[in-house]
Amino acid sequence: MAVALEYAPPSVGLPGGAAGKGAYLLSGTFDGRASLFRAEMGRAGEAPTGFVKVHSFLPPPPPSPSPSQHNSAATEAQPDGILALLISAQRDLVVAGSNSGLVSAWSLGQLSDTPLATGRQAAGAGACSLAWCGNGVQVLVGSEDGVCKRWEFKQRTGGARSQRQPPCWLDCLETAQLAHDAQVMALACSAVTEPPVAFCGLSDGTLLCLGPAG
């Protein structure tokens, strides 16, 4: 399971009334859904009194198992659960990393069931950590195979787009193999330096600094 929090200022148009301002909670579960909740606020200075469900995002289904995997009970029993989440009102984005290694992104304002973009972080290894990279529309993704990738959202231009194609796509800018026997469990990226600096926490307790990430 994964959770993410965001506060939407009054200037950002989000669903939920009053121009969408307020606190939002994003919760991902092992059934593959990422659910968005809006906080019901009490009086000024008090904690939220509850949460109201606004929408559920559902990533595309994982790829079918190969013939060699078809008879594996463990493979068939494992759902494509959500391992990591990001939410940003300023970027108008919700990003989810799934157990299958798929990275999916939706518009926070439009709340469409169709992802804006998807990318394959790894085959057979979950995308288990996410972090915004710098101030733009880039995201760092860490996976269970010890790999960290830097992705960028890019708009599709020119030519006809089929209804099944999302309006933008994820372009992999960099790939770093951080470990062969450890998972990339946590990511953080500093926006105060230019270019930004990324930090990675591995499952064996190692903390790595990747230097400039932009």
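Coordinates for the structure precede this section.
**Notes on the overall build of the protein chain**
Point 1. Along the protein chain, the regular secondary structure elements total 1 helix and 15 strands.
Point 2. In the protein chain, 43% of the contacts between residues at least 6 apart in sequence involve partners at least 24 apart.
Point 3. Just so you have it, the protein chain exposes about 11000 Å², and 53% of that area is on carbon and sulfur atoms.

**Regarding the pairing of strand E9 (residues 127–132)**
Regular strands have side chains that alternate between both faces of the sheet.
Point 1. Most of E9 sits inside the fold, with 6 of its 6 residues counted as buried.
Point 2. Connecting the antiparallel pair E9 and strand E10 (residues 138–143) is a turn made up of 5 residues, with Gly134 showing a positive phi of about 70°.

**Considering the pattern of salt bridges**
In a structure, side chains of opposite charge can pair up when their charged atoms sit close to one another.
Point 1. Inspection of every chain in the model, using the stated rule, returns 4 salt bridges.
Point 2. A salt bridge links Arg150 to Glu174, with the nearest nitrogen and oxygen atoms 2.7 Å apart. Of the two residues, Arg150 is situated in strand E11 (residues 147–155) and Glu174 in strand E12 (residues 168–177); the sequence distance between them amounts to 24 residues.
Point 3. Overall, the relative accessible area of 9% leaves Arg150 in the buried class.
Point 4. On the basis of relative accessibility, which here comes to 38%, the residue Glu174 falls in the partly exposed class.
Point 5. One salt bridge connects Asp171 with Lys154, and the closest N-O pair in it is separated by 2.9 Å.

**Let's talk about the sheet that holds strand E4 (residues 50–57)**
Two modes of strand pairing occur in sheets, parallel and antiparallel, and in both the strands are linked by backbone hydrogen bonds.
Point 1. Here 4 strands make up an open sheet; going across it, the order is E1-E2-E3-E4 and the pairing antiparallel. Edge positions in the sheet fall to strand E1 (2–8) and E4, since each of these pairs with one other strand and no more. The average undirected angle you get between the axes of adjacent strands in this sheet is 25°.
Point 2. Two elements, E1 and strand E2 (residues 22–28), share 7 bridges in a ladder whose sense is antiparallel. Across the sheet, the residue bridging to Val3 is Ser27, located in E2.

**Details of a nonpolar patch on the surface**
Point 1. Together, Met1, Val3 and Phe30 line one region of the surface with nonpolar side chains, adding up to about 350 Å² of accessible area.
Point 2. Position of Val3 relative to the elements: it lies in strand E1.
Point 3. Using a relative accessible area of 56% as the deciding quantity, one classes Val3 as exposed.

**Here's the deal with the pairing of strand E5 (residues 82–88)**
Point 1. The buried fraction of E5 amounts to 6 of the 7 residues, a majority that puts the element mostly inside the structure.
Point 2. Strand direction decides the pairing type here: E5 and strand E6 (residues 93–98), joined by 6 bridges, are antiparallel. Each residue of the ladder has a partner; that of Ile82, found in E6, is Ser98.
Point 3. The turn joining E5 and E6, which pair antiparallel and follow one another in sequence, is formed by 4 residues; a positive phi near 60° is taken by Asp92.

**Describing the sheet that holds E10**
Point 1. The sheet built from 4 strands is open, its strands ordered E9-E10-E11-E12 with antiparallel pairing. Of all the strands in the sheet, just E9 and E12 have a single pairing partner and so form its edges. Strand-to-strand twist in this sheet, taken as the mean axis angle between neighbours without regard to direction, amounts to 25°.
Point 2. Sheet topology places E10 next to E11; 5 bridges connect them, and they run antiparallel. Paired with Val139 across the strands is Trp151, a residue of E11.

**Structural notes on the environment of His55**
Point 1. For His55, the position within the fold is in strand E4.
Point 2. Residue His55 is classed as buried on the basis of its relative accessible area of 16%.
Point 3. Taking the C-alpha atoms as reference, His55 lies 5.8 Å from Ser35; in sequence the two are 20 residues apart.
Point 4. Aside from chain neighbours lying at most four places away, what touches His55 is Ala34, Ser35, Leu36, Leu111, Ser112 and Asp113.

How each quantity is defined
- Residues numbered from 1 in each chain as written.
- Predicted model: local features only at pLDDT ≥ 70, side-chain atom pairs only at ≥ 80, totals over all residues.
- Heavy atoms only, no water.
- Helix = DSSP H or I, 4+ residues; strand = E, 2+ residues; numbered from the N terminus.
- Contact = heavy atoms within 4.5 Å.
- Areas by Shrake-Rupley, 256 points an atom, 1.4 Å probe, with all protein chains shown as cover.
- Buried < 20%, exposed > 50% of the residue type's maximum accessible area, 1.4 Å probe, protein only.
- Pairing = 2+ DSSP bridges.
- Salt bridge = Lys/Arg side-chain N within 4 Å of Asp/Glu carboxyl O.
- Axes fitted to C-alpha atoms, helices over the stretch in contact; angles between N-to-C directions.
- Patch = residues over 30% accessible without salt bridge, like charges linked within 9 Å, V, L, I, M, F, W, Y side chains within 5 Å.

Remember, this is a structural readout, not a statement about activity or role.
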